[in-house]
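Here is how the chains run, residue by residue.
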Amino acid sequence: MKDRTKLVESALDAIADIRDDAVLMVGGFGLCGIPEHLIEALRVKGVKGLTCISNNAGVDDFGLGRLLKTGQVRKMVSSYVGENKTFERLFLDGSLEVELVPQGTLAERIRAGGAGIPAFYTPTGVGTLVAEGKETKIFDGREYVLERALKADFALVKARRADSLGNLQYDFTAMNFNPAMATAANITLAEVEEIVAIGEMHPATIHTPGIYVQRVVCGGTYEKRIEQRTVRARASAGGSQ
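In this report, we go over the structure that sits alongside the text. (Residues numbered from 1 in each chain as written. Predicted model: local features only at pLDDT ≥ 70, side-chain atom pairs only at ≥ 80, totals over all residues. Heavy atoms only, no water.)

Regular strands place side chains that alternate from one sheet face to the opposite one. The side-chain alternation of strand S2 (residues 50-53) yields two buried faces, one formed by Leu-50 and Cys-52 and the other by Thr-51 and Ile-53. For the handedness criterion, the β-α-β arrangement of strand S1 (residues 23-26), helix H2 (residues 36-45) and S2 is classed as right-handed. Pairing analysis gives 4 bridges linking S2 to strand S3 (residues 73-78), with the strands arranged parallel. Bridge pairing in S3 links Thr-51 to Lys-75. (Buried < 20%, exposed > 50% of the residue type's maximum accessible area, 1.4 Å probe, protein only. Helix = DSSP H or I, 4+ residues; strand = E, 2+ residues; numbered from the N terminus. Right-handed = clockwise from strand over helix to strand, strands pointing away. Pairing = 2+ DSSP bridges.)

If you add up the space inside the largest pocket, you get close to 240 Å³. What lines the largest pocket is a set of 16 residues, among which Gly-33, Lys-158, Ala-174, Glu-193 and Lys-224 lie closest to the centre. With 3 residues, strand S8 (residues 152-162) is the largest single contributor of residues to the lining of the largest pocket. Each residue belonging to the lining of the largest pocket can be placed in one class, and the counts come to 7 nonpolar, 1 polar and 8 charged. (1 Å grid on protein atoms, 1.4 Å probe; cavity = no way out; pocket = protein on both sides within 12 Å on 5 of 7 lines; lining within 4 Å. Points joined across faces, edges and corners; volume = space filled by probe spheres on them. Nonpolar A, V, L, I, M, F, W, Y, C, P; charged D, E, K, R; others polar.)

All right, on to the nonpolar core then. Soluble globular proteins tend to pack their nonpolar side chains together in the buried interior. Counting residues in each nonpolar core, the largest one holds 31 residues, and the members touching the most others are Ile-18, Leu-24, Leu-38, Leu-42, Leu-68, Met-76 and Leu-156. Elements with a minimum of two residues in this core: helix H1 (11-14), S1, H2, S2, helix H3 (65-69), S3, helix H4 (85-92) and S8. Examining the composition of this core, we find that 4 residues originate from one element, H2, more than from any other. Excluding its chain neighbours within four sequence positions, the residues that come into contact with Leu-24 are Ile-18, Leu-42, Leu-50, Thr-51, Cys-52, Ile-53, Ala-152, Phe-154 and Leu-156. Membership of the second largest hydrophobic core comes to 23 residues, among which are Val-101, Ala-190, Val-192 and Val-213. (Core = buried A, V, L, I, M, F, W, Y, C linked by side-chain atoms within 4.5 Å. Contact = heavy atoms within 4.5 Å.)

Turning our eyes to something else, we now look at the packing of aromatic side chains. What characterises a pair of aromatic rings is the spacing of the ring centres plus the angle enclosed by the ring planes. On inspection of all chains with the given rule, the structure shows 2 aromatic pairs. Geometrically, the ring pair formed by Tyr-121 and Phe-139 is edge-to-face, given 5.2 Å between the ring centres and 65° between the ring planes. One end of the pair, Tyr-121, is in strand S5 (residues 119-122); the other, Phe-139, is in strand S6 (residues 136-139), with 18 residues separating them in the sequence. With relative accessibility at 33%, the residue Phe-139 sits in the partly exposed group. (Phe/Tyr/Trp six-rings, centres within 6.5 Å; stacked < 30°, edge-to-face > 60°.)

This brings us to empty space enclosed by the protein. Under the definition given, this model contains 1 cavity of 30 Å³ or more. Quantified by volume, the largest cavity comes out at close to 50 Å³.

Helical geometry: 3.6 residues make up each α-helical turn, so side chains three or four residues apart lie on a common side. Counted at 1.5 Å a residue, the expected span for helix H5 (residues 103-115) with its 13 residues is 18 Å, and the 18 Å between its end C-alpha atoms agrees. Residues Thr-105, Leu-106, Arg-109, Ile-110, Ala-112 and Gly-113 constitute the buried set of H5. Looking straight down H5, one finds its buried side chains confined to an arc of 160°; they lie on one side. (Expected span 1.5 Å × (residues − 1). Arc of directions from axis to C-beta.)

The strand order S5-S7-S6 describes an open sheet built from 3 strands, whose pairing is antiparallel. Only two strands of the sheet have a single neighbouring strand rather than two, namely S5 and S6. Sheet twist, expressed as the average angle between the axes of neighbouring strands with direction ignored, equals 35°. In this sheet, strand S7 (residues 142-148) lies alongside S6 in antiparallel orientation, the contact comprising 4 bridges. Counted as the bridge partner of Phe-139 is Arg-142 from S7. Against the sheet, H5 engages S5 and S7, with an angle of about 155° to S5. (Axes fitted to C-alpha atoms, helices over the stretch in contact; angles between N-to-C directions.)

Nothing here speaks to function; it is all geometry.
Here it is as structure tokens:
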């Protein structure tokens, strides 16, 4: 029987055919559910001119922020970029093209790309810079703007576990944009924390079926970062709170 495994040895093997000027979808929300090892492999390989579709651009020294620092990203399609000083500098000096998309619209544009829907109407952004140059239409007395679906050459996603057929499970909010992105690219690369045996995951608990995934790599160790740490002083013994 033909070996159907989608497992690859390393992140560098997984991204081997990503070339300059590729369009990538990169999962993650804040610092949660980021395919950090695949991103690092892109940095090591040195591919450039990338268009990255991602909710945010990481921080200066983590996530997509590492590719911004090395000048490998030409364009970002994102909804939130406020934690990255490198992003700010590159945008202000004209080195980085930015398409800012409302977060719900970004999610729906990706979902539409995976579902084969070319475009949809939404009221979000009407009358703002978001709607400039886009078709609008009135439905039931309300104005809507036409948004195009998003597709990519490659999707880089992060999951909690996978089997060798590429079936994926995510943990809680680490799911974020990853499942939708896995459906909206020509090739999906998944990095995971654990590889399990075929059949160990109950079919009802699989979030991304293996049909959408072409390669899987086990990332090994992961940082558990906190984006904004907020604490208060501990009350002294017997003191008031």
